[in-house]
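Structural description and commentary
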Amino acid sequence: MIPLAPDYIRELEPYVAGKAIPNLIKLASNENPFGPSPKALEYARRALPEGHLYPVNHRQDLKEKIVAFHREFDLKTDQIIIGNGSTELITLLVRTLVGPGEAVLNAWPSFLMYRLACRAQGRQEIDVALTDSLDYDLETMAAKASQAKLVFLANPNNPTGRYINAQALERFLNQIPEHVVVVLDEAYSEFVRRENFPNGLAWVQKRPRTVTLRTFSKAYGLAGFRIAYAACDPAIAELLHRVRDPFNVNSIAQAAALGALDDQEHVLKSAESNWKELILLEKRFSELGIKFTESAGNFILAHFENAELVYKKLIDFGVIVRPLGNYDLPHSIRITVGRPEQNEALFTGLKALVS
Ligand SMILES: Cc1ncc(COP(=O)(O)O)c(C=O)c1O
């Protein structure tokens, strides 16, 4: 009997998303706890009556707004690809650029979609383990880069929250052979307040085979709308356009993104609150003797002997976080930084559990 799907598909494990339970405080998926910007909602609402029409494909005004927003990097609109979330762009990059017999270089643990995108194409995956401090092992990755066609780096990384500073990134990129495409996934960059955090967009012009990903799902609070973009060399963009679905991003999401870009105050407010609350959580974890990994994002890894039990018990306190067994971190939970009162509920639960 001919199997229904190739082996590499039958061996796949589906992506497991953060759980949402009605009435529970969800600190499981690194969403913006302040929600979307009112301006994004207003723009989205205005687009609804046109819902019977196919979307304008890759709205020019959206691409113009994106390049204007990043004007210091002198990008052109033909360098912007809009995606149905960065997860679509990740898959699209692998489908378009990694041919049969070519490989993807990835760190592990890192965002699961890199692995899934690669395996779903039946492409070879070269994994490099994070260091003991859960940082990227950039030396080893650089040494293996010539075996790969595409390299994924999340900065900061998910689920660890660790970041690569500007010097380390430069050193790394300078060691990567010119033909290798490096994807800098900056899903959480708007939140970062740590020292020397690089802006990957600067590398798009400096190193043509660099693709930088940005999403509206995190600091912009539009995860449910599904919209993100890639900035890259026009030659890469042109190839991605050939492979992507013709109407890959819906009209409501594109309108919402236009509104969201116009409301940087919302992004700033979200990021400022996140930074303040992140520092407070770290302080409180220290006071309670909870081990954690210092994070640059809007989430934090906390380590426990029995993380699964902590995850389950926190549900009794009305808080849902993310256990990380499927990231091979069975002793860790990933906690999204919430609004102050949500973090207070988390803290109350943790305090009761560890004392
Ligand atoms: C590093 C990283 N990249 C991309 C994404 C996905 O974002 P999007 O909602 O744009 O698909 C996530 C989501 O958790 C992430 O952690």
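Refer to the preceding data block for the structure.
Residues numbered from 1 in each chain as written. Predicted model: local features only at pLDDT ≥ 70, side-chain atom pairs only at ≥ 80, totals over all residues. Heavy atoms only, no water.

Looking now at unusual backbone geometry. Along the chain, Trp108 connects to Pro109 via a cis peptide bond; the corresponding omega equals 0 degrees. When you line up the elements, Pro109 lands in the loop between strand S3 (103-108) and helix H5 (112-120). Residues Asn155 and Pro156 are joined by a peptide bond in cis, for which omega reads 0 degrees. Within the secondary structure, Pro156 is located in the loop between strand S5 (150-154) and helix H7 (166-175). The phi dihedral of Asn23 falls on the positive side, at around 70 degrees, and the residue is not glycine. Position of Asn23 among the secondary structure elements: in the loop between helix H1 (7-10) and strand S1 (25-26). The backbone of His58 shows a phi angle near 50 degrees, a positive value even though the residue is not glycine. Counting through the fold element by element, His58 comes out in the loop between helix H2 (38-47) and helix H3 (60-69). (Helix = DSSP H or I, 4+ residues; strand = E, 2+ residues; numbered from the N terminus.)

Moving on to the packing of aromatic side chains. Taken as a whole and assessed by the stated rule, the structure comprises ten aromatic pairs. Ring-pair connections join several aromatic residues into one group, and the members of that group are Tyr15, Phe111, Tyr114 and Phe152. The ring of Trp108 carries Arg115 above its face, with NZ or CZ at 3.7 Å from the centroid. The ring of Phe347 has Arg284 sitting right over it, with the charged end atom 4.1 Å from the ring centre. (Phe/Tyr/Trp six-rings, centres within 6.5 Å; stacked < 30°, edge-to-face > 60°. Lys NZ or Arg CZ within 6 Å of the ring centre and 35° of its normal.)

Moving on, we get to the layout of surface pockets. Take a probe with the size of a water molecule and roll it over the atoms, and the empty space left behind shows itself. Size it by volume and the largest pocket reaches roughly 500 Å³. Along the wall of the largest pocket there are 26 residues; nearest its centre are Tyr15, Ser29, Phe111, Lys218 and Arg226. Those elements that place two or more of their residues in the lining of the largest pocket are helix H4 (86-97) and H5. Top contributing element to the lining of the largest pocket by residue count: H4, with three residues. Along the lines of polarity and charge, the residues of the lining of the largest pocket split into eleven nonpolar, eight polar and seven charged. When residues of the lining of the largest pocket are assigned to domains, at least three map to each of domain 1 (7-35 + 265-354) and domain 2 (38-262). Roughly 340 Å³ of volume is contained in the second largest pocket. Lining the second largest pocket are 18 residues, with Phe69, Ser189, Glu190, Asn199 and Arg214 sitting closest to its centre. Considering each element in turn, the lining of the second largest pocket owes the most residues, four residues, to helix H11 (residues 264-288). The residue inventory of the lining of the second largest pocket, partitioned by class, reads ten nonpolar, four polar and four charged. (1 Å grid on protein atoms, 1.4 Å probe; cavity = no way out; pocket = protein on both sides within 12 Å on 5 of 7 lines; lining within 4 Å. Points joined across faces, edges and corners; volume = space filled by probe spheres on them. Nonpolar A, V, L, I, M, F, W, Y, C, P; charged D, E, K, R; others polar. Domains from an automatic or database assignment.)

Quick look at the site of the ligand now. Surrounding the ligand, one finds 14 residues, the nearest of these being Ser86, Asp185, Tyr188, Thr215 and Ser217. Between Asn158 and the ligand, the recorded distance is 2.6 Å, taken from a side-chain N or O atom to an oxygen atom. Here Ser217 contributes a side-chain N or O atom positioned 2.6 Å from an oxygen atom of the ligand. Summarising the interface, the protein chains cover 93% of the accessible area of the ligand, which totals 400 Å² for the free molecule. In this structure, the ligand is accommodated by the largest pocket. (Near = heavy atom within 4 Å. Polar contact = N/O pair within 3.5 Å; in protein donor to acceptor, adjacent residues only side chain to side chain. Areas by Shrake-Rupley, 256 points an atom, 1.4 Å probe, with all protein chains shown as cover. Sits in = over half its atoms within 2 Å of the grid points.)

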